[in-house]
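Residues per chain, in single letters:
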Amino acid sequence: MRLEKDHDRCIGAGQCVRTDPRIFDQDDDGLVKVLIDRPRGTDEAAAHKAVFICPAKALSIAQD
Amino acid sequence: MTNTDIDETSELVSFPIQRTCPFAIPPVYTKFREEAPVSQVVLPDGGKAWLVTKYDDVRAVMSNPKLSSDRRKKDFPVVVPGQNAALAKHAPFMIILDDPEHAEARRPVISEFSVRRVAAMKPRIQEIVDHFIDEMLKLPRPVDLNQVFSLPVPSLVVSEILGMPYEGHEYFMELAEVLLRRTTDEQGRINISVQLRAYMDKLVEEKIANPGDDLLSRQIELQRRNGGIDRPQLASLCLLVLLAGHETTANMINLGVFSMLTRPELLDVIKADPSKTPKAVDELLRFYTIPDFGAHRLAMDDVEIGGVLIRKGEAVIASTFAANRDPAVFDDPEELDFSRDSRHHVAFGYGPHQCLGQNLGRVELQVVFDTLFRRLPDLRLAVPAEELNFKSDALVYGLYELPVTW
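So, here is what we can say about the structure in this document. All values derive from a computational prediction rather than experimental measurement.

### A few points about the interface of chain B and chain A
Residue-level contacts link 21 residues of chain B with 24 residues of chain A. Of the roughly 1900 Å² buried where chain B meets chain A, counting both sides, 44% is carbon and sulfur surface. The largest contributions to the chain B side of the interface with chain A come from B:R107, B:I110 and B:R343, which together make up 29% of the buried area. Where chain B meets chain A, there are three salt bridges. Salt-bridge contacts for A:D25 lead to B:R116; the nearest nitrogen and oxygen are separated by 2.2 Å. Counting across the interface, chain B meets chain A through 15 residue pairs in polar contact (both at pLDDT 80 or more). Class assignment for the residues of the side of chain B that touches chain A results in five nonpolar, eight polar and eight charged.

### A word on the side chain of B:R343
Summarising the element assignment, B:R343 is placed in the loop between helix 14 (320-323) and helix 15 (358-375). A distance of 3.1 Å separates a polar atom in the side chain of B:R343 from a polar atom in the side chain of B:D341. The residues contacting B:R343, other than those within four sequence positions of it, are A:R18, A:T19, A:K49, A:I53 and B:D282.

### A word on the packing of helix 5 (residues 115-137) of chain B against helix 7 (residues 152-162) of chain B
All names here are of chain B. Two numbers describe how helix 5 lies on helix 7: the axes approach to 10 Å, and their chain directions differ by 140 degrees. In this view, helix 5 runs oblique relative to helix 7, as classed from their interaxial angle. By crossing handedness, the relation of helix 5 to helix 7 is classed as right-handed. Residue-level contacts link M121, R124, I125, I128, V129 and F132 of helix 5 to P152, V153, L156, V157, E160 and I161 of helix 7. Its residues assigned to classes, the contact of helix 5 with helix 7 shows 10 nonpolar, no polar and two charged.

### Concerning empty space enclosed by the protein
All told, the structure shown has two cavities of 30 Å³ or more when counted by the stated rule. Of the volumes computed, that of the second largest cavity is approximately 100 Å³.

Conventions used here
Residues numbered from 1 in each chain as written. Chains lettered and ligands numbered in written order. Predicted model: local features only at pLDDT ≥ 70, side-chain atom pairs only at ≥ 80, totals over all residues. Heavy atoms only, no water. Contact = heavy atoms within 4.5 Å. Buried area = accessible area lost by both parts, 1.4 Å probe. Salt bridge = Lys/Arg side-chain N within 4 Å of Asp/Glu carboxyl O. Polar contact = N/O pair within 3.5 Å; in protein donor to acceptor, adjacent residues only side chain to side chain. Nonpolar A, V, L, I, M, F, W, Y, C, P; charged D, E, K, R; others polar. Helix = DSSP H or I, 4+ residues; strand = E, 2+ residues; numbered from the N terminus. Axes fitted to C-alpha atoms, helices over the stretch in contact; angles between N-to-C directions. Parallel < 35°, antiparallel > 145°, perpendicular 65-115°, else oblique. Left-handed = near helix turned anticlockwise from the far one by under 90°. 1 Å grid on protein atoms, 1.4 Å probe; cavity = no way out; pocket = protein on both sides within 12 Å on 5 of 7 lines; lining within 4 Å. Points joined across faces, edges and corners; volume = space filled by probe spheres on them.

Given below as structure tokens:
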């Protein structure tokens, strides 16, 4: 799986960072930064949770 | 797609629906969610709106770009008499704008409330919490926790973020309290709005003359660089941050303290392990979902929500409270359970308007609960719980007073 972000949609709520700060961060503008774009193992569940919880639908998962 | 039959002869339920118990959701919400999760209700001015009560449907409403938040539109539902007229006294708050205007207004400020920025504020929040506890300990007991602690803490935090002098803050708090009262009439609401506007205009002028290291000064500088300072817009931004950032947090402090004092097994959870406080905070947010009025929208086009056709020009109310008690998403939702993972609640809303200050609110609540119960291990209610005065007539649920002793 591959995590994709959409800065046009991101509203900087930070829900993804709260879900897992190892996978997500916010840049200087407060917009999402994906730190691990190919999460594996337990990170996969966190990535799915972040996609679900994002209020702006700014995250998605693409299958390779 | 079906359009739910509306029997014009049957009496529609009136909205807003008042809470009668601090814990249980009014049964009418549950009945709606189970039997007709997208149903028409009647508003105080006789207008009608679709009330949406399921979690998935509430998220669908709040993220649908065809459902407008723009209260300047003629057919926008009037749930609070005078509210739309009062809002017209200000440059539009970002919460009443639709994208792309909304995004333009929100973008410059989102970094001010990022997870990282809020984490950096934590030491100062801790100092503020300790300061107000020190002051409280000097007072004769019992005290009203709301007045001496729950309101002052978030008020000082948010005024420091904006760069607003704390003096004169009581004036602001008084006005805001009247504005948030459900019983305030239309003219009262408009008068208060004019006074608040004047107060904020003055603050903006003072900051332009004497900038500091604060949100307002940074916004002024950013706008100056981008071609010109929009004073009315900055006044609205400050007012929004202040209004959204103090009373809401105060209500959650009071409700959280009340919950843990009356249910010691909940308090034991965070006392035994403060790393559980963040989870407890989200569960308290889910359980109480204090904005009683939900989110209001106006359909700009025909939209289907939960299998029901909502026609262009019709009003929609998404009940975040009912959504957060949806058993399809939260097991045993009527239970306040600190071991639950409730991070996906919609107490801060959902969609592009989700609360800008949510990370700040969470950190404030975490610091407050951890510090208050650590420093005052004998904290207890000073009156029987059944005598407490809950805000069932306000726009935001909470407690009018919380008499405590130790």
